[in-house]
Amino acid sequence: MNEDLRNVVLGVLATGVSASIGWLARTYLWRRKLHRKQAFFGLPGNAECLLVVNREAGSPEGAVHRFDVFALLELSALIKDCGANAQIVQHDLAQQGFGERTEFCLGGPYSNRRMAAHLASLLPGIKMNVETEPPQERGAFTIGTERYRMEPGIGEYVLLARLTAGEGARPVFLFCGQRAITNQAATRYLVRHHERLARKHGANSFVLLLKVVNSQAYGPDVVELVADVTRAAQSALPAPRNSHRAIT
């Protein structure tokens, strides 16, 4: 073997080794990222989870608002990325506790009985007005001593929560908005920011209050984090003191 041929062979071998190391490194990083994602959502490979859907107000029984359908599609893609499987259940048929399977619960307490049960038992510091009159109080959140009213199409609030029943229990995710479009906004926020939320909160519970800005122009895309209300949401509800309107 002459020197030129030997250099060619050594170059090919070096390229192959470098490519193999690069592939192994990328695979390792991809698997580590996937495992972190699966741990945050409580969705190991082939796990089962629940998608609990509400009903559209004033619609035939079983109908789901189109924005809630969009939210379910985004969650379904996320679940598929984790290698898990989803079962869609109507809110009034999901008669079981939580912790055994990850649950994604969508919709306000006026259209989702399971959401109403979760708020009452897990987040006693939050109340949501389910009355239709007066119109300016419709869907208003009371969190601790603060009250948050919506300006339809201009500024609306939604709760995004990750709650667990203890170590080893699978989480329940709540998307509780003042309108259907805010539910989709909260799911999109979770999909986009789950890595940052996992770094900040780890396996702990959290409750975030989000504001959807100018949905009549921007749809569910422009979302602001108002506050982390975990402590207030998990405490007994005092008498309301201050009132807010979601304006931009």
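By convention here, each chain's residues receive numbers from 1 onward along its written sequence. The predicted origin of the model limits local features to residues at a pLDDT of at least 70 and limits the giving and counting of side-chain atom pairs to 80 or more, whereas totals for whole chains, interfaces and linings rest on all residues. Side-chain metrics in this entry use all non-hydrogen atoms of the structure; hydrogen atoms and water are not considered.

## Observations regarding the side chain of Arg188
Helical segments are the DSSP runs of H or I of at least four residues, strand segments are the runs of E of at least two, and each set is numbered from the N terminus. If you trace the backbone, Arg188 turns up in helix 4 (residues 180-201). Think of a polar contact as two N or O atoms within 3.5 Å of one another; within protein, one of them needs to be a possible hydrogen donor and the other a possible acceptor, and neighboring residues in sequence only count if both atoms come from side chains. A polar contact is formed between the side chain of Arg188 and the side chain of Asp221, at a distance of 2.4 Å. In this view, Arg188 contacts Glu74, Pro220 and Asp221; residues no more than four positions away in its chain are not counted. Two residues form a contact once any of their heavy atoms are found within 4.5 Å.

## Quick word on a positive patch on the surface
To count toward a patch, a residue needs a relative accessible area above 30% and no salt bridge. Like charges then connect within 9 Å, nonpolar side chains (Val, Leu, Ile, Met, Phe, Trp, Tyr) within 5 Å. Surface accessibility follows the Shrake-Rupley procedure with a 1.4 Å probe radius. Residue values consider only the protein chains on display as shielding. We define a salt bridge as a side-chain nitrogen of Lys or Arg found within 4 Å of a carboxyl oxygen belonging to Asp or Glu. Charged residues are defined here as Lys and Arg on the positive side and Asp and Glu on the negative side; His and the ends of the chain fall outside this count. Just so you know, the charge point we use is NZ for Lys, CZ for Arg, CG for Asp and CD for Glu. A cluster of like positive charges, contributed by Arg32, Arg36, Arg196, Arg199 and Lys200, occupies part of the molecular surface. Mapped by element, the contributors of at least two residues to the positive patch are helix 1 (3-41) and helix 4. The greatest single-element share of the positive patch, amounting to 3 residues, is contributed by helix 4. Tracing the chain through its elements places Lys200 in helix 4.

## Some words on the pattern of salt bridges
Enumeration according to the criterion identifies 10 salt bridges in this entry. Linking Glu195 and Lys33 is a salt bridge whose minimum nitrogen-to-oxygen distance equals 3.4 Å. Taken together, the residues Glu195 in helix 4 and Lys33 in helix 1 connect sequence positions 162 residues apart. The class of Glu195 is partly exposed, set by a relative accessible area of 36%. Only protein chains enter the calculation, and the probe is 1.4 Å; a residue is then buried if its accessible area is under 20% of its type maximum, exposed if over 50%, and partly exposed in between. Owing to a relative accessible area of 51%, Lys33 belongs among the exposed residues under this scheme. A salt bridge links Arg192 to Asp221; the nearest nitrogen and oxygen atoms lie 3.5 Å apart. With Arg192 in helix 4 and Asp221 in the loop between helix 5 (215-218) and strand 10 (223-228), this pair connects stretches of sequence that are 29 residues apart. Asp221 gets classed as partly exposed once you look at its relative accessible area, which sits at 37%.

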